[in-house]
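What the coordinates show
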Amino acid sequence: EVQLVESGGGLVQPGGSLRLSCAASGFTFDDYAMSWVRQAPGKGLEWVSAISWNGGSTYYAESMKGRFTISRDNAKNTLYLQMNSLKSEDTAVYSCATKSRDYSGRLYRAYEYDVWGQGTQVTVSS
């Protein structure tokens, strides 16, 4: 079955860093662009970042630019999100996601993704 499993979340102090991972299985990973989406307490889904199938193109929400780096290792079927200079407002559940049966590489709104991991909690607090 199609499965995405996130890991790497945790508690970090403001200004700190975390590296999230998303292990993919059950589909041809390098056929798909991949994304990270987050949901903060009491808020809706927020698109964070996306990466093309081969990692050649990356995209970021404005508030993440310069702080977050998305990458992938297709040989390992794994997606990553390096998060630096973390702020309290980055506290959220972070999920990896993709759009099934789509090979266009287009970007989607967060709510349009239909394949999700369970999410990993990131808490930024002193």
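Quick note: structure is the one above.
These notes cover the structure that comes with them. (Residues numbered from 1 in each chain as written. Predicted model: local features only at pLDDT ≥ 70, side-chain atom pairs only at ≥ 80, totals over all residues. Heavy atoms only, no water.)

Details of the sheet that holds strand 7 (residues 68-73)
Within a sheet, adjacent strands bond to each other through the backbone by hydrogen bonds, running parallel or antiparallel. Stated formally: DSSP bridges decide pairing: two strands pair if at least two such bridges lie between them. Segments assigned H or I by DSSP are reported as helices when at least four residues long, segments assigned E as strands when at least two residues long, and all are numbered from the N terminus. Fitted lines through C-alpha atoms serve as axes, helices being fitted only where they are in contact, and the angles separating the N-to-C directions of these axes extend from 0 to 180 degrees.
Ordered in space as 1-3-8-7, the four strands form an open sheet in which the pairing is antiparallel. Of all the strands in the sheet, just strand 1 (3-7) and strand 7 have a single pairing partner and so form its edges. Ignoring which end each strand starts from, the neighbouring axes of this sheet average 15 degrees apart.

Focus on the pattern of salt bridges
Inclusion rule: Only one rule defines a salt bridge in this text: a Lys or Arg side-chain nitrogen within 4 Å of an Asp or Glu carboxyl oxygen. Per-residue accessibility, obtained with a 1.4 Å probe over protein chains only, is compared with the maximum for each type, and a residue is labelled buried under 20%, exposed over 50%, and partly exposed between these values.
Counted by the stated rule, this structure contains six salt bridges. Its salt-bridge partner being Glu 62, residue Lys 65 comes within 3.1 Å of it at the nearest N-O pair. For Asp 90, the salt bridge identified is with Arg 67, shortest N-O distance 2.7 Å. Highlighted residues: Asp 90 in the loop between strand 8 (78-83) and strand 9 (92-98) and Arg 67 in the loop between strand 6 (58-60) and strand 7, separated in sequence by 23 residues. Classification of Asp 90 by relative accessible area gives buried; the value is 0%. The class of Arg 67 is buried, set by a relative accessible area of 10%. The network of salt bridges with shared partners includes Arg 38, Glu 46, Arg 67 and Asp 90.

Looking at the packing of aromatic side chains
So the rule is basically this: Each pair of aromatic rings taken from Phe, Tyr and Trp, with Trp reduced to its six-membered ring, is defined by centres within 6.5 Å and is described as stacked if the planes are under 30 degrees apart, edge-to-face if over 60, and tilted in the remaining cases. Charges are assigned to positions over rings by a cutoff of 6 Å between ring centre and Lys NZ or Arg CZ, combined with an angular limit of 35 degrees from the ring normal.
Taken as a whole and judged by the stated rule, the model has five aromatic pairs. Taken together, a centroid distance of 5.8 Å and an interplanar angle of 65 degrees make the contact between Tyr 108 and Tyr 113 edge-to-face. Residue Tyr 113 is classed as buried on the basis of its relative accessible area, which comes to 6%. Joined through ring pairs, the aromatic side chains of Phe 27, Phe 29, Tyr 32 and Tyr 103 make up one cluster. In this arrangement the basic side chain of Arg 19 is found over the ring face of Tyr 80, its NZ or CZ atom lying 3.9 Å from the centre.

Digging into unusual backbone geometry
Although it is not a glycine, Asn 77 adopts a positive phi angle of roughly 50 degrees. Looking at where Asn 77 falls in the secondary structure, it is placed in the loop between strand 7 and strand 8. Owing to a relative accessible area of 29%, Asn 77 belongs among the partly exposed residues under this scheme. One non-glycine residue, Arg 101, adopts positive backbone phi at about 55 degrees. Mapped onto the fold, Arg 101 is located in the loop between strand 9 and strand 10 (115-116). With a relative accessible area of 67%, Arg 101 lands in the exposed category.

Structural notes on the pairing of strand 3 (residues 18-25)
Where strand 1 meets strand 3, five bridges bridge the pair, whose relative direction is antiparallel. Opposite Leu 4, over in strand 3, you have Ala 24 as the bridge partner. Both strand 3 and strand 8 contribute to a ladder of six bridges, which runs antiparallel. Bridge pairing in strand 8 links Arg 19 to Gln 82.

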